[in-house]
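Remarks on the overall topology
Residue strings, one per chain:
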Amino acid sequence: YAPDGRIVALTAVRPELAARSGFAAAFEHDVQAVRRVHGPYTVPVLGSGHDGTRYWLAAAYVPALTLHAAVSDTGRPLPVPVVLRVVAGVAEALRAVHHAGVVHAGLGPGTVLLAADGPRVTGYGVTRAAADAPGIPAFSSPEQAADKAPVPATDVFALGQLAAYAAIGVPP
């Protein structure tokens, strides 16, 4: 719970990432950027901090299943109208993320939440701080495979992969 009583979702940074040279400055830079992201299909970042070498990020809690859970639990693709709504919502979320000057660079079925009132994208933007973190191979873009810096097109590629995943029920 946040000090004001709101329920939050906490993400802790893996210790091996936090131990990297320059991590603290990159994390602070990234957090400032993600706090500028606002949109109806994004999960807002509410705060961040660290306790010694344990870094954390707090986001609004959204009661929802991940896209991964919704597809893998049933073993079937989502109905076409649902796929279209998810893709439209995620595209709008990416517009908000990119408008704030942020690249998600880790978009995948685990970062798309299927809430009762529409999809939400979470986990965006702390890319400089976790620059060498492994991606999700089926959703990684060609530039990520070539070990190049993520750009907005990275997220657009992942959006296409998400659409295929939701529509066919297995990773592309």
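To be clear, the structure that these remarks concern was listed above.
The rules we used
Residues numbered from 1 in each chain as written. Predicted model: local features only at pLDDT ≥ 70, side-chain atom pairs only at ≥ 80, totals over all residues. Heavy atoms only, no water. Helix = DSSP H or I, 4+ residues; strand = E, 2+ residues; numbered from the N terminus. Contact = heavy atoms within 4.5 Å. Areas by Shrake-Rupley, 256 points an atom, 1.4 Å probe, with all protein chains shown as cover. Lys, Arg positive; Asp, Glu negative; His and termini not counted. Charge placed at Lys NZ, Arg CZ, Asp CG, Glu CD. Pairing = 2+ DSSP bridges. Phe/Tyr/Trp six-rings, centres within 6.5 Å; stacked < 30°, edge-to-face > 60°. Buried < 20%, exposed > 50% of the residue type's maximum accessible area, 1.4 Å probe, protein only.

Before going further, it helps to examine the overall build of the chain. Helices and strands together make up the secondary structure of the chain, namely six helices and six strands. Counted from the first residue to the last, the chain has its helices and strands arranged as β-α-α-β-β-β-α-α-β-β-α-α. Its C-alpha atoms give the chain principal-axis dimensions of roughly 45 × 45 × 30 Å. Pairs at least 24 residues apart make up 68% of the contacts formed inside the chain by residues separated by at least 6 positions. About 9200 Å² of surface is accessible on the chain, with carbon and sulfur atoms providing 61% of the total. Within the chain, one finds 12 positive and 12 negative side-chain charges whose respective centroids are separated by 3 Å.

If you walk across this open sheet you meet the three strands as S4-S5-S6, and the pairing is antiparallel. Across the chains shown, the open sheet's two edge strands, defined by having one partner strand only, are strand S4 (65-66) and strand S6 (118-121).

Right, let's get into the packing of aromatic side chains. Taken as a whole and judged by the stated rule, the model has four aromatic pairs. Plain terms: the ring middles of Phe 23 and Phe 27 are 5.5 Å apart, the flat faces sit at 25° to each other, and that makes the pair stacked. In this pair, Phe 23 and Phe 27 are both assigned in helix H2 (residues 23-34), four residues apart and thus about one turn of the helix distant. Phe 27 sits in the buried class, given a relative accessible area of 3%. Centre to centre, the rings of Phe 23 and Tyr 55 are 4.9 Å apart; their planes meet at 75°, and the pair counts as edge-to-face. Of this pair, Phe 23 sits in helix H2 while Tyr 55 sits in strand S3 (residues 54-60), and the two are 32 residues apart along the sequence. Across the pair, Tyr 55 and Phe 23 agree in class, each one buried. Taken together, the ring pairs in this structure connect Phe 23, Phe 27 and Tyr 55 into an aromatic cluster.

The values are spatial; any link to function lies outside them.
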